[in-house]
Amino acid sequence: MAAVPLIREQTRGRTTALALATAAFAVNFWAWALLSPLGPVYKELLGLSAFAVSLLVAVPVIVGSLGRMVLGALTDRYGGRLVFGVCSLIGVLPVLFLAFAESYPALLAGGLLLGITGATFAIGVPYVNGWFPPERRGLALGIFGMGNIGTAVSGFATPWLATEFGRPAPFFAVAVALVAVGVAFLTMGRNAPGTQAATEPFLTRFAAAARLRVTRELAAMYALTFGGFVAFGVYLPLYLGAVYELSVADAAARTAGFVVLATLARPVGGWLADRVGGPLVLSWVLAAVFGCAIIVSFAPGMLLATVGFLAMAAALGLGNGAVFAILGRAVPGTMVGSATGVVGAAGGLGGFLPPIVMGLIFQATGSYSIGLMLLAAMALGGFVYCWFVLRARD
């Protein structure tokens, strides 16, 4: 009978840890995505070119990507409770800076510092992973990954707050939310029982994680799935405005729908990977992305384009969940943070390059078709590798 209270306590601890991590991730992702919905506003306000706007919305992505390697390793060393709480509070500084930034250089500088909020993903994965047994990690990490919803919240709330209460308003709202989740993590959060701090130097742990074949493979797959998600999350408002002449609010709302669907699909991808195997799920996902990218590259009517983008969103979300279901099982516990940093960095980099490439291609040709065809080619290559290599080894 003594085991029953212990089981209940463990269940409550898992639930609290997952809820805290998901909420903190969502708020940090809203912060990370603050500039994207306002891209058209800054373009008009400052007279920016398409490439300049692409660079502005991509800068937080690159810093958030590279920062994941550092924060993942710090989490292995100091635990998720401390690192998540402190990083959320630090994120308040660039958010408040951007509230008052009025020049392009200032916006770029603020965007660079804002990248830390996107890097917090690498804290949550090892933190949540430690609380759950292997057979339940795919679903748990998928639920945590639903913190991606912060991008959708930004798509809906940021333009509305800026329109109704002035451009600084969304930045003030996010700053308050970051303080709330940071304090909550420091006061209510706990690391999983039995969590052991890594003792090796950062570079040693990073190199060991990077040498794992599964880390490199998942990094490539995450660059496609999460990279695609981030790229469309930050660039779709500009794309829809240029190709379909939608208003800023309409384009932001449709982008938010893309993000919501991808986010809801993420835990389903983790759950499916727990049951039928991650490589098989990834194979389905990349085949679907290939087909959808081909369809939307021809700029079809709005109805078909909507179906194509939403189907792609669901596929990318499933793939994101599957990647970390595989990682949670395949990587030793003391290396999960470092491996997550490597894989997460690859995913972020996968989201950084496409907006810049799309901006350059559109500026040179007046069309996005070539960029979308490149995505289709990458997805096809990923499908072949998953089907014939990963799936055969699973």
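Below you will find a few notes about this structure. (Residues numbered from 1 in each chain as written. Predicted model: local features only at pLDDT ≥ 70, side-chain atom pairs only at ≥ 80, totals over all residues. Heavy atoms only, no water.)

Some thoughts on the overall build of the protein chain
- Broken down by element type, the protein chain carries 17 helices and 0 strands.
- What you see for the protein chain is a C-alpha radius of gyration of 20 Å, in line with the 21 Å of a compact globule of 394 residues.
- For the protein chain, the C-alpha atoms occupy an extent of roughly 65 × 50 × 40 Å along the three principal directions.
- In the protein chain, which comprises 394 residues, the share counted as buried stands at 56%.
- Counting contacts in the protein chain only where the partners sit at least 6 residues apart, residues at least 24 apart contribute 86% of the total. (Helix = DSSP H or I, 4+ residues; strand = E, 2+ residues; numbered from the N terminus. Rg over C-alpha atoms; globule rule 2.2 N^0.38 Å. Buried < 20%, exposed > 50% of the residue type's maximum accessible area, 1.4 Å probe, protein only. Contact = heavy atoms within 4.5 Å.)

As for unusual backbone geometry
- The phi angle at E245 is positive, at roughly 55°, despite the residue not being glycine.
- As for its position among the elements, E245 is in the loop between α12 (213–244) and α13 (248–276).
- Classification of E245 by relative accessible area gives exposed; the value is 70%.
- The backbone of A299 sits at a positive phi, close to 50°, despite the residue not being glycine.
- By the secondary structure assignment, A299 is in the loop between α14 (278–297) and α15 (302–330).

Details of the nonpolar core
- Counting 119 residues, the largest nonpolar core has V95, V128, F144, Y239, F258, M312 and F324 as its most contacted members.
- The element best represented in this core is α12, accounting for 17 residues.
- Residue contacts for F258: discarding those within four places in its chain leaves F229, F232, L236, F309, L310, A313 and L316. (Core = buried A, V, L, I, M, F, W, Y, C linked by side-chain atoms within 4.5 Å.)

Let's talk about the packing of α14 against helix α17 (residues 369–393)
- Relative to each other, α14 and α17 sit at 160°, their axes nearing to 8 Å. One finds that α14 runs roughly antiparallel with respect to α17. Every pair of crossing elements has a handedness; the one defined by α14 and α17 is left-handed.
- The class makeup of the residues in the contact of α14 with α17 is 20 nonpolar, 4 polar and 1 charged. (Axes fitted to C-alpha atoms, helices over the stretch in contact; angles between N-to-C directions. Parallel < 35°, antiparallel > 145°, perpendicular 65-115°, else oblique. Left-handed = near helix turned anticlockwise from the far one by under 90°. Nonpolar A, V, L, I, M, F, W, Y, C, P; charged D, E, K, R; others polar.)

Some points on the packing of aromatic side chains
- Applying the stated criterion across every chain yields a total of 22 aromatic pairs.
- Measuring from centroid to centroid gives 6.2 Å for F29 and F226, while their planes differ by 45°, and the two rings are tilted. Of this pair, F29 sits in helix α1 (residues 3–32) while F226 sits in helix α12, placing them 197 residues apart in sequence. Here F29 and F226 have matching classes, each one buried.
- When the ring of F100 is compared with that of F172, the centres are 5.8 Å apart and the planes differ by 55°; the resulting orientation is tilted. Of this pair, F100 sits in helix α5 (residues 92–100) while F172 sits in helix α10 (residues 169–188), placing them 72 residues apart in sequence. (Phe/Tyr/Trp six-rings, centres within 6.5 Å; stacked < 30°, edge-to-face > 60°.)

A word on α14
- For α14, built from 20 residues, the straight-helix expectation of 28 Å at 1.5 Å per residue is met to within 8% by its first-to-last C-alpha distance of 28 Å.
- Of the surrounding secondary structure, the elements contacted by the buried residues of α14 are α12, α13, α15 and α17.
- Once α14 ends, the next one or two residues include A299, with phi positive near 50°. (Expected span 1.5 Å × (residues − 1).)

Remember, this is a structural readout, not a statement about activity or role.
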